Amino acid sequence: MKLVRFVPSGTKIDFMRWRGTAVWGSSILNVLAILAVILIGLNFGIDFKGGILLEVRTQGPADLARLRSSLEGLGLGEVSLQEFGRETDVLVRIQRQEGDEAAQLRAVEVVKQKLGASVDYRRVEFVGPKVGSELISGSIWAVTLSLLGIAVYVWFRFEWQFAVGAIVSLFHDVISTVGLFALSGLEFNLTSVAAVLTIAGYSMNDTVIIYDRIRENLRKYKSMDLSTLINVSLNETLSRTTLTHFTTFLAVFALTSMGGDVIRGFSLAMMWGVFVGTYSSIYIAAPFLIYTG
């Protein structure tokens, strides 16, 4: 049986030839992403802005399209529906209404009148702005601590130069992904935070594999120029990188095209993460070893 190779064996692509251009391009990309967050801002979802949360159960399988169409015509602002658990259970999120608690209660009554008595209301909650600010703070801490934890892991497994290169690569991925949300206007909610953390872990997995091959070749080719050695390592892991990221891209593309509005932000962020994670492992994490000697 003949072995099929998507990447020919013995490839000799000179990745490090373009490392200077890549570093400058990445720097510009991150600056633009930071400016987008500052000047445009993130489109925070109900999780962070606060609002009304209703858990309802329909008599039969929930028709999310019909429910969404009915609620969006009430003039209550942003409305988000998500099926969870059983196919009859729906989580409804409505943006916080202008005014006090009485205004929130009026909005709930309007929703109940629209949906009718055929729907069982299992839970009604109000998410205040204080809770939203706490979630924002908690999300920032979650991302920061996860990045620091990854840096410590790489430091103990390799050396400090590898750890610094890995953390710079991860910050590149996280900042560019957050900038994507700012530029595109996609809703940024707790699912988006999960996407950012997933991208960081996914990118780190590829970086560790490349670093492991570089460390192995450092012991094998003691007199080889570092730039050449990194090129050899990248070419040796190129087949694995290509196949892994291509199959992941296919799965994420299916989520993006057929997953619906509920997970669109997550799937689009992951699609970007597959690309930027591969790029940063090759052109950020690996060249950093040259700059640190």
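## Remarks on the overall build of the chain
Part 1: Along the chain, the regular secondary structure elements total 10 helices and six strands.
Part 2: Considering only C-alpha atoms, the chain reaches an extent of 75 × 50 × 30 Å along its principal axes.
Part 3: A burial count over the chain gives 42% of its 293 residues as buried.
Part 4: Look at the contacts in the chain between residues 6 or more apart in sequence, and 77% of them connect residues 24 or more apart.

## A word on the side chain of Ser281
Part 1: The topology assignment puts Ser281 in helix H10 (residues 264-291).
Part 2: A relative accessible area of 1% places Ser281 in the buried class.
Part 3: Discounting chain neighbours no more than four positions away, the residues touching Ser281 are Ser169, Ser203, Asp206, Thr207, Ile210 and Ala286.

## Describing the packing of aromatic side chains
Part 1: For the structure shown, the criterion picks out six aromatic pairs.
Part 2: On the numbers, 6.2 Å between centres and 20° between planes, the contact of Phe249 with Phe253 is stacked. Residue Phe249 and its partner Phe253 are both found in helix H9 (residues 238-258); the two are separated by four residues, about one turn of the helix.
Part 3: Residue Phe253 is classed as partly exposed on the basis of its relative accessible area, which comes to 45%.

## Quick look at the packing of H9 against H10
Part 1: At their nearest, the axes of H9 and H10 sit 9 Å apart, and the two run at 165° to each other. Classified by the angle between their axes, H9 and H10 sit roughly antiparallel to one another. H9 and H10 meet at a crossing whose hand is left-handed. Across the interface between the two elements, Thr241, His245, Thr248, Phe249, Val252, Phe253, Leu255 and Thr256 from H9 touch Arg264, Ser267, Leu268, Met270, Met271, Val274 and Thr278 from H10.
Part 2: Tallied by class, residues from the contact of H9 with H10 come to eight nonpolar, six polar and one charged.

## Points about the sheet that holds strand E5 (residues 120-127)
Part 1: The strand order across the open sheet formed by four strands is E3-E4-E2-E5, and the pairing between neighbours is antiparallel. Each having just a single partner strand, strand E3 (79-83) and E5 make up the two edges of the open sheet. Across the sheet, the mean angle separating the axes of adjacent strands is 15° when strand polarity is ignored.
Part 2: Contacting E3 and strand E4 (89-95), helix H3 (residues 64-72) crosses the sheet at an angle of about 160° to E3.

## Things to note about the pattern of salt bridges
Part 1: Scanning the model with the defined rule gives four salt bridges in all.
Part 2: The salt bridge involving Arg240 is made with Asp206; its shortest N-O contact spans 2.5 Å. Remark: Asp206 occurs in helix H7 (residues 190-220) and Arg240 occurs in helix H9; sequence separation between them is 34 residues.
Part 3: The class of Arg240 is partly exposed, set by a relative accessible area of 25%.
Part 4: Residue Asp206 is classed as buried on the basis of its relative accessible area, which comes to 1%.
Part 5: Asp212 is paired through a salt bridge with Arg215; the nearest N and O atoms lie 2.9 Å apart. Of the two residues, Asp212 and Arg215 are both situated in helix H7; the distance of three residues between them amounts to about one turn of the helix.
Part 6: Through salt bridges with shared partners, a single ionic network connects Arg213, Glu216 and Glu236.

## Structural notes on helix H8 (residues 226-236)
Part 1: Buried residues of H8: Ser227, Leu229, Ile230, Asn231, Ser233, Leu234 and Asn235, and no others.
Part 2: Close packing links the buried residues of H8 with helix H1 (19-39), H7, H9 and H10.
Part 3: Structurally, the start of H8 carries an N-cap: the backbone nitrogen of Ser227 is 3.2 Å from a side-chain oxygen of Asp225.

## Some remarks on the nonpolar core
Part 1: If you look at the biggest cluster of nonpolar residues, it comprises 42 residues, and the most contacted ones within it are Val154, Tyr211, Ile214 and Leu234.
Part 2: Within the residue set of this core, elements represented by two or more residues are helix H5 (129-157), helix H6 (160-184), H7, H8, H9 and H10.
Part 3: Excluding its chain neighbours within four sequence positions, the residues that come into contact with Val154 are Glu159, Phe162, Ala163, Ala166, Met204 and Tyr211.
Part 4: Ranked by size, the runner-up nonpolar core spans 18 residues in total, among them Val56, Leu67, Val79 and Val90.

## Some details on the environment of Ala36
Part 1: Residue position: Ala36 is located in helix H1.
Part 2: Taking the C-alpha atoms as reference points, Ala36 and Phe181, separated by 145 residues in sequence, lie 9.1 Å from one another.
Part 3: Non-local contacts of Ala36, meaning those with residues more than four positions away in its chain, are made with Gly41, Gly179, Ala182 and Leu183.

Here is what the cut-offs are and how they apply
- Residues numbered from 1 in each chain as written.
- Predicted model: local features only at pLDDT ≥ 70, side-chain atom pairs only at ≥ 80, totals over all residues.
- Heavy atoms only, no water.
- Helix = DSSP H or I, 4+ residues; strand = E, 2+ residues; numbered from the N terminus.
- Buried < 20%, exposed > 50% of the residue type's maximum accessible area, 1.4 Å probe, protein only.
- Contact = heavy atoms within 4.5 Å.
- Phe/Tyr/Trp six-rings, centres within 6.5 Å; stacked < 30°, edge-to-face > 60°.
- Axes fitted to C-alpha atoms, helices over the stretch in contact; angles between N-to-C directions.
- Parallel < 35°, antiparallel > 145°, perpendicular 65-115°, else oblique.
- Left-handed = near helix turned anticlockwise from the far one by under 90°.
- Nonpolar A, V, L, I, M, F, W, Y, C, P; charged D, E, K, R; others polar.
- Pairing = 2+ DSSP bridges.
- Salt bridge = Lys/Arg side-chain N within 4 Å of Asp/Glu carboxyl O.
- Polar contact = N/O pair within 3.5 Å; in protein donor to acceptor, adjacent residues only side chain to side chain.
- Core = buried A, V, L, I, M, F, W, Y, C linked by side-chain atoms within 4.5 Å.

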